[in-house]
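# Architecture and fold: a report
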Amino acid sequence: FPVTIHTHGDFANPLWRRINLKNLVRFFFLKFSLRNNNFYRTVSLPQSRFFVENFRINPVRMVVIPVPIFSRNKVQRTGFKRPRSIALIGRIHSDRGIWEFIHLITKLSLTESNFKIFIAGSGPGEKKFLANLEALVPKSSIRFMGQLSEKGLEKVWREIGVLVLV
């Protein structure tokens, strides 16, 4: 039977295993348990890179699938004019693609000036991430909502033109 390992943590990050002895032991157990698996799934591209580099896993056997967000209101009728906005929803952490989002906003702001940015989530990279955003676009264009419940998220769906999940 093919075996797929799904990971949602920073286990392959060299900094993670240096936090304490417990993490170091976990790292070595994981390293030996990964050898005989067919496929590997991570929730972000940086996590995938760490696995390839630190566990010598063939990148062809890696897949990156973000954690899904379910809502009944995501699908809009055709003909609905999309708002001029982009939203990042998820954990605000360096391994979740937040710097790629900053890069995207950098490129977008070179050609577009009239768009809103919605941020729903929280995490250890929050202050630095928001400071980088505010350096790119006016603060009035950014709506930071922190961590939202599903109901809170449903209230802003209609205002979101493009959704980025991390």
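Every value quoted in this text rests on a predicted model; they were computed, and no experiment measured them.

What counts and what doesn't
- Residues numbered from 1 in each chain as written.
- Predicted model: local features only at pLDDT ≥ 70, side-chain atom pairs only at ≥ 80, totals over all residues.
- Heavy atoms only, no water.
- Salt bridge = Lys/Arg side-chain N within 4 Å of Asp/Glu carboxyl O.
- Helix = DSSP H or I, 4+ residues; strand = E, 2+ residues; numbered from the N terminus.
- Buried < 20%, exposed > 50% of the residue type's maximum accessible area, 1.4 Å probe, protein only.
- Contact = heavy atoms within 4.5 Å.
- Pairing = 2+ DSSP bridges.
- Core = buried A, V, L, I, M, F, W, Y, C linked by side-chain atoms within 4.5 Å.
- Axes fitted to C-alpha atoms, helices over the stretch in contact; angles between N-to-C directions.
- Parallel < 35°, antiparallel > 145°, perpendicular 65-115°, else oblique.
- Nonpolar A, V, L, I, M, F, W, Y, C, P; charged D, E, K, R; others polar.

### What to know about the pattern of salt bridges
- Inspection of the entire model under this criterion finds two salt bridges.
- A salt bridge links Glu112 to Arg84, with the shortest nitrogen-to-oxygen separation between them at 2.2 Å. Taken together, the residues span a long stretch of sequence, with Glu112 in the loop between helix 4 (98–111) and strand 5 (116–120) and Arg84 in the loop between strand 3 (62–64) and strand 4 (85–89) at a distance of 28 residues.
- Under the relative-accessibility criterion, Glu112 is labelled partly exposed at 29%.
- The residue Arg143 makes a salt bridge to Glu159 at a minimum N-O spacing of 3.1 Å. Separated by 16 residues along the polypeptide, Arg143 in strand 6 (residues 142–146) and Glu159 in the loop between helix 6 (150–156) and strand 7 (162–165) bring together distant segments of the chain.
- Relative accessible area serves as the criterion here: at 37%, Arg143 is assigned to the partly exposed category.
- A relative accessible area of 34% places Glu159 in the partly exposed class.

### Re helix 3 (residues 45–55)
- Those residues of helix 3 that sit buried are Pro46, Gln47, Ser48, Phe51, Asn54 and Phe55.
- Where helix 3 is buried, its residues meet helix 1 (14–17), helix 2 (21–33), strand 2 (39–42) and strand 3.
- Positioned one or two residues after helix 3, Arg56 has a phi angle of 55°, which is positive.

### Considerations on the pairing of strand 6
- Judged from the four bridges that link them, strand 5 and strand 6 form a sheet pairing that is parallel. Residue pairing across strands places Phe118 opposite Arg143, the latter belonging to strand 6.

### Remarks on the nonpolar core
- Within the largest apolar cluster, 15 residues are counted, with the highest numbers of intra-cluster contacts made by Phe101, Ile105, Ile117, Ile119, Phe129 and Leu133.
- Going through the elements one at a time, strand 4, helix 4, strand 5 and helix 5 (126–136) are the ones with two or more residues in this core.
- The element that contributes the greatest number of residues to this core is helix 4, accounting for four residues.
- Setting aside anything within four residues of it in sequence, one finds Phe101 in contact with Ile86, Ala87, Leu88, Ile117, Ile119, Phe129, Leu133 and Val164.
- Grouped together as the second largest cluster of nonpolar side chains are 10 residues, Ala12, Leu34, Phe51 and Ile57 included.

### Remarks on the packing of helix 4 against helix 5
- The geometry of helix 4 relative to helix 5 is characterised by a closest axis approach of 10 Å and an angle of 5° between their N-to-C directions. One finds that helix 4 runs roughly parallel with respect to helix 5. Here helix 4 contributes Ile98, Trp99, Phe101, Ile102, Ile105 and Thr106 to the contact with helix 5, which in turn contributes Lys128, Phe129, Asn132, Leu133 and Leu136.
- Partitioning the contact of helix 4 with helix 5 into residue classes produces eight nonpolar, two polar and one charged.

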